[in-house]
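What follows is each chain in one-letter form.
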Amino acid sequence: RHMCLRCGLKESAEEAFTGALLHDIGQVAFFNTDQARYDEILTQAARYQSTTEKAIPSLLALEKTAFGVDHRELGASVFESWYFPNTFVDIAREHGSRNIVSAHKQVILLVSIADEIADLLGLGFSPGNEEAIADLLPPSPAGEEDVAYYRSSYLADVRNDPLFQQCKELFGIE
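Since the structure is predicted, the reported quantities are computational estimates derived from the model, not experimental observations.

Conventions and cut-offs
- Residues numbered from 1 in each chain as written.
- Predicted model: local features only at pLDDT ≥ 70, side-chain atom pairs only at ≥ 80, totals over all residues.
- Heavy atoms only, no water.
- Helix = DSSP H or I, 4+ residues; strand = E, 2+ residues; numbered from the N terminus.
- Buried < 20%, exposed > 50% of the residue type's maximum accessible area, 1.4 Å probe, protein only.
- Core = buried A, V, L, I, M, F, W, Y, C linked by side-chain atoms within 4.5 Å.
- Contact = heavy atoms within 4.5 Å.
- Salt bridge = Lys/Arg side-chain N within 4 Å of Asp/Glu carboxyl O.
- Phe/Tyr/Trp six-rings, centres within 6.5 Å; stacked < 30°, edge-to-face > 60°.
- Axes fitted to C-alpha atoms, helices over the stretch in contact; angles between N-to-C directions.
- Parallel < 35°, antiparallel > 145°, perpendicular 65-115°, else oblique.
- Left-handed = near helix turned anticlockwise from the far one by under 90°.

### Description of unusual backbone geometry
At Tyr83, a position not held by glycine, the phi torsion is positive, near 60°. Take Tyr83: it is sitting in the loop between helix H6 (71-81) and helix H7 (86-94). With a relative accessible area of 75%, Tyr83 lands in the exposed category.

### Notes on the nonpolar core
In globular proteins that are soluble, nonpolar side chains generally tend to be buried together. Among the nonpolar cores identified, the biggest contains 22 residues, and Met3, Leu110, Ile113 and Ile117 are the most heavily contacted of them. No other element matches the seven residues that helix H8 (residues 105-120) contributes to this core. Those residues in contact with Leu110 that lie beyond four places of it in its chain are Met3, Cys4, Cys7, Leu9, Pro141 and Ala142. Membership of the second largest hydrophobic core comes to seven residues, among which are Ala76, Val78, Phe88 and Val89.

### A few points about the environment of Ala132
Checked against the element boundaries, Ala132 lands in helix H9 (residues 130-136). A residue is classified by how much of its surface remains accessible, and Ala132, at 3% relative accessible area, is buried. On a C-alpha basis, the gap between Ala132 and Glu145 in space is 16 Å, while along the polypeptide they are 13 residues apart. Each residue touching Ala132, except ones within four places of it in the same chain, is listed here: Arg98 and Glu116.

### Considering the pattern of salt bridges
Overall, the coordinates contain eight salt bridges when judged by the stated rule. Residue Glu40 pairs with Arg47 through a salt bridge whose shortest N-O separation is 3.9 Å. Across the pair Asp135 and Arg98 runs a salt bridge whose closest N-O atoms are separated by 3.5 Å. Separated by 37 residues along the polypeptide, Asp135 in helix H9 and Arg98 in the loop between H7 and H8 bring together distant segments of the chain. Looking at Asp135, the relative accessible area reads 41%, which means it is partly exposed. Salt bridges linked by common partners bring Glu80, Asp90 and Arg93 together as one network.

### Considering the packing of aromatic side chains
Aromatic ring pairs are reported here in terms of the distance separating the ring centres and the angle at which the planes meet. Applying the stated rule across the entire model yields ten aromatic pairs. A ring pair is formed by Phe30 and Phe67, whose centres lie 4.2 Å apart and whose planes are at 15°; its orientation type is stacked. In this pair, Phe30 is assigned in helix H3 (residues 25-33) and Phe67 in helix H5 (residues 59-67), connecting sequence segments 37 residues apart. The exposure class of Phe30 is buried, given its relative accessible area of 3%. Classification of Phe67 as partly exposed rests on a relative accessible area of 22%. Through pairs of rings, three or more aromatic residues link up here, namely Phe79, Trp82, Phe84 and Phe88.

### Here's the deal with the packing of helix H4 (residues 35-49) against H5
The geometry of H4 relative to H5 is characterised by a closest axis approach of 9 Å and an angle of 150° between their N-to-C directions. On the basis of the axis angle, H4 is roughly antiparallel to H5. Crossing handedness for the pair H4 and H5: right-handed. Residues Arg37, Tyr38, Ile41, Leu42, Gln44, Ala45 and Tyr48 of H4 form the contact with H5, whose own contacting residues are Leu59, Leu62, Glu63, Ala66 and Phe67.

As structure tokens, then:
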């Protein structure tokens, strides 16, 4: 939401917020289908990410080998079956992609960049990928100054946000 507002996409801020929260719904479906198998896939993907080899299988490839579909495809199918708006279907299907064909491309790019930044800040399950951000920035409405802000100052600003304070109190976050 914040990134959309910062980048002048006020009309897409709420969709981006919800889409960012739900974009990995396919991973939740895999986890609920076969927790042990999906844990192993995540472990393998993390192990591969920590190597410098170029010919390593990605998380998407590991998912496709194990389940016949990756979490992006599965997430889009879940949203379609639940009759979610196309924006959410497309965010699930194309987040992290460098070849976005959706009419919602700008929102998908911002969700993807935010996802990578969250990982770099240690808020996700992956270590984050500087190269991915560099690839996603040029076609997006965000710039390097936006990424620098989110990496250096955003978390401090969030801690002062009234909604964060309410959530902190409600969930007992320190």
